[in-house]
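So you can see what is in the structure, the chains are spelled out below.
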Amino acid sequence: MLYTSPFSISGTPKFYPSNGSLPVTGGTSATVQFGDISGSGWSFGVQLYNVNTDNYTPVHVVTSSNPSTTFTDLVDGNFKIYVVNNQPGTSWSGTIYMLYTYLG
């Protein structure tokens, strides 16, 4: 399944999707990627937040030179993507994607 959403961030961390969550099958991987970001030199901390267990994955860092990351061995659950801008005082916009195995 592919999740796609417009993306914008400045100083406040954000969850994607802002409403709802993404049902992911356990034992699989999910890849988060950023595209068409307004400028270069950006850096984001990315985690997956499991709504069911109230747990976060370890932080992965994505940058303008490495715009995607893969989370492995996920458990069954409904997830949100949690994004932190690693560069205070900057604002970025573009598109966020997550490719994952749908829990259905």
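Data block above holds the structure.
In this text the structure is predicted, and so the values were computed from the model without any measurement.

Asker: What's the story with the pairing of strand β10 (residues 92–99) in this structure? I'm lost.
Answerer: Each regular strand shows side chains that alternate between the opposite faces of the sheet. For strand β1 (residues 2–9) and β10, the ladder comprises 8 bridges, and the chain directions are antiparallel. Of the residues in β10, the one forming a bridge with L2 is L99. By the bridge criterion, 5 bridges tie strand β4 (residues 30–35) to β10 in an arrangement that is antiparallel. Paired with F34 across the two strands is I96, which belongs to β10.

Asker: Can you help me understand the pairing of strand β5 (residues 43–50) in this one?
Answerer: Among the 8 residues in β5, 8 count as buried, and that is most of the element. Along β5, one buried face is formed by S43, G45, Q47 and Y49 and the opposite face, lined by F44, V46, L48 and N50, is buried too. In this sheet, strand β7 (residues 60–63) lies alongside β5 in antiparallel orientation, the contact comprising 4 bridges. Bridge pairing in β7 places V46 opposite H60.

Asker: Explain the packing of aromatic side chains here, please?
Answerer: What describes a pair of aromatic rings is the distance from one ring centre to the other and the angle between the planes of the rings. Under the definition given, this model contains 10 aromatic pairs. Taken together, a centroid distance of 4.7 Å and an interplanar angle of 40° make the contact between Y49 and Y56 tilted. Residue classification places Y56 among the partly exposed positions, given a relative accessible area of 40%. Grouping aromatic residues by their ring pairs yields a cluster made of F7, Y16, F34, W42 and F44.

Asker: Help me out: how do you make sense of the sheet that holds β10 in this one?
Answerer: Paired through their backbone hydrogen bonds, the strands of a sheet run either parallel or antiparallel. With antiparallel pairing, the 4 strands of this open sheet are ordered in space as β1-β10-β4-β8. Both edges of this open sheet fall to β1 and β8 (68–71), since each of them pairs with a single strand only. Direction aside, the axes of adjacent strands within the sheet are offset by 20° on average. Judged from the 4 bridges that link them, β4 and β8 form a sheet pairing that is antiparallel. Bridging from a neighbouring strand, A30 pairs with F71 of β8.

Asker: Could you clarify how one ought to interpret unusual backbone geometry in this entry?
Answerer: Excluding glycine, residues mostly carry a negative phi; peptide bonds, for their part, are mostly trans. With an omega of -10°, the peptide bond between Y16 and P17 qualifies as cis. Along the chain, P17 falls in the loop between β2 (14–16) and β3 (22–24). Even without being glycine, D36 reaches a positive phi, approximately 55°. Looking at the element boundaries, D36 is found in the loop between β4 and β5. Looking at D36, the relative accessible area reads 67%, which means it is exposed. With phi around 60°, D54 is a residue other than glycine that occupies positive phi space.

Criteria and thresholds
Residues numbered from 1 in each chain as written. Predicted model: local features only at pLDDT ≥ 70, side-chain atom pairs only at ≥ 80, totals over all residues. Heavy atoms only, no water. Pairing = 2+ DSSP bridges. Helix = DSSP H or I, 4+ residues; strand = E, 2+ residues; numbered from the N terminus. Buried < 20%, exposed > 50% of the residue type's maximum accessible area, 1.4 Å probe, protein only. Phe/Tyr/Trp six-rings, centres within 6.5 Å; stacked < 30°, edge-to-face > 60°. Axes fitted to C-alpha atoms, helices over the stretch in contact; angles between N-to-C directions.

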